[in-house]
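Geometric and topological summary
One letter stands for each residue in the lines below.
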Amino acid sequence: MIINHPHLGPRDAQEFVYLGDASLMDRPDWQDENAADNFHDYLYLRDNPDGEHRELWYHEQGDRSWLVVTRNTLTHEITRVELARDVAIAMRRRK
Amino acid sequence: MSEYTMTALPALGGYQASFDGVTLQEVTATAIVSIAIPLGGDDAMAKALQDAYGTAIPRAGHTSLANDGATRFLGMSSEQMFAVFDHAGAHALDVIAGNLKDAGYYTLQSDNWVALRISGPRSRDALERICPIDLNSAAFPQGKVARTTMEHLGVIIYPDDTDSFILLSGSSSAGSFLHALETSIHNIL
């Protein structure tokens, strides 16, 4: 599997480490009155989609960047690769 | 008390070997200094690099060369680069810190790495079995650099001439890395 890194171009998946669902970036507010429930869901509940999935990959044997990779779980086709930093900044702007 | 003088030895003892179409040699007396750019400090670093070395901050995956040709800066990520230059002795950090002042955070890396040059018309053939990077001169010309793995070992690779590549890998596993390279070379002979 080849991941087309936004800075470095196409790189072999063996250079990367997989973390999981990119929703991990969206950490619940610990001061919310439902914080305990929200953190339970955040920690333990994952969607298991057949099709498009946004996930976190770490370029450990490369430039040590975190990426958000949009991958089809049925075909392994990768349709989008973004720097997690850019995604996080965009998420903060929306809040 | 006796006075002892310590002399650093190269990780592979100055290894050098020639094969049909491939030459492999350890590059000794190479200094490597990691330069981290402080958050928001890109402009200050760009100015310091320009003033001291007449060159620009390399983007990740690219290198830039000082205007005297003696120091090469490897863009390792968007906030880190390695300065690579010939230097015997243990004070390479002072050279970089003296030139770039407080524009970055510096770490002496020389002892952590072994440097090998693989060159010759068949060097790409030898590397393509263990290196996942596209080494075609159009895809990976001089001025580019990549950090990757070869035989599960972390390696930084960049071309330094036509049909010639510098390989940097961990000095603690230098013997294993050399074995992987020699095996790959023997496989194409």
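Look a little higher up for the structure.
Going along each chain's sequence as written, the residues are numbered from 1 onward. All chains are assigned letters beginning with A, and all ligands numbers beginning with 1, in the order in which they are written. Local features in this predicted model are restricted to residues of pLDDT 70 or higher, and side-chain atom pairs are both shown and tallied only at a pLDDT of 80 or more, whereas totals for entire chains, interfaces and linings draw on every residue. By convention in this description, side-chain values take in all heavy atoms of the structure and omit both hydrogens and water.

Between two residues, a contact is recorded if the distance between any of their heavy atoms is within 4.5 Å. Contacts between chain B and chain A engage 13 residues on the former and 11 residues on the latter. When two components associate, each loses some accessible surface as probed by a 1.4 Å sphere; the sum of these losses over both components is called the buried area. Summing both partners gives a buried area of about 940 Å² for chain B against chain A, and 46% of it is carried by carbon and sulfur. Salt bridges are identified by distance alone: a Lys or Arg side-chain nitrogen within 4 Å of an Asp or Glu carboxyl oxygen. Viewed at the interface, chain A and chain B are joined by 1 salt bridge. Glu79 of chain B is the partner of Arg85 of chain A in a salt bridge, and the nearest nitrogen-oxygen pair spans 2.5 Å. Side-chain atoms alone can form a polar contact between residues adjacent in sequence; in general such a contact is a pair of N or O atoms within 3.5 Å, and within protein one must be able to donate a hydrogen while the other accepts it. Seen at the junction of chain B and chain A, the total is 4 residue pairs in polar contact (both at pLDDT 80 or more). Helix numbers and strand numbers start at the N terminus; a helix is a DSSP run of H or I with at least 4 residues, a strand a run of E with at least 2. Those elements that provide at least two residues to the side of chain B that touches chain A are strand 5 (71–77) and strand 9 (146–150) of chain B. For the side of chain B that touches chain A, the leading source of residues is strand 9 of chain B, giving 4 residues.

Glancing now at the sheet that holds strand 1 (residues 16–19) of chain B. Residue and element names in this part refer to chain B. Ordered in space as 1-2-8-11-10-9, the 6 strands form an open sheet in which the pairing is antiparallel. The open sheet has two edge strands with one neighbour each: strand 1 and strand 9. Ignoring which end each strand starts from, the neighbouring axes of this sheet average 25 degrees apart. Inspection of the sheet shows strand 9 paired to strand 10 (residues 153–161) by 5 bridges, in the antiparallel sense. Across the sheet, residue Thr149 finds its bridge partner in strand 10, namely Gly154. Strands in contact with helix 4 (residues 174–188) are strand 1, strand 2 (22–26), strand 8 (113–119), strand 9, strand 10 and strand 11 (164–170); relative to strand 2, the strand with the most contacts, it is inclined by about 170 degrees. A pair of strands counts as paired when DSSP detects no fewer than two bridges linking them. For helices, the fitted axis covers only the stretch in contact; all axes are lines through C-alpha atoms, and the angles between them, taken along N-to-C directions, range from 0 to 180 degrees.

All names here are of chain A. What the 4 strands build is an open sheet, ordered 3-4-5-6; its pairing is antiparallel. The strands lining the two open edges of the sheet, one partner per strand, are strand 3 (17–21) and strand 6 (78–83). Between one strand axis and the next, the sheet turns by 30 degrees as a mean value, whatever way the strands run. Pairing analysis gives 5 bridges linking strand 5 (residues 66–72) to strand 6, with the strands arranged antiparallel. Paired with Leu67 across the bridge in strand 6 is Leu83. Across the face of the sheet, helix 2 (residues 84–94) comes into contact with strand 4 (52–58), strand 5 and strand 6 while running at roughly 75 degrees to strand 6.

Purely geometric numbers; function is a separate question.
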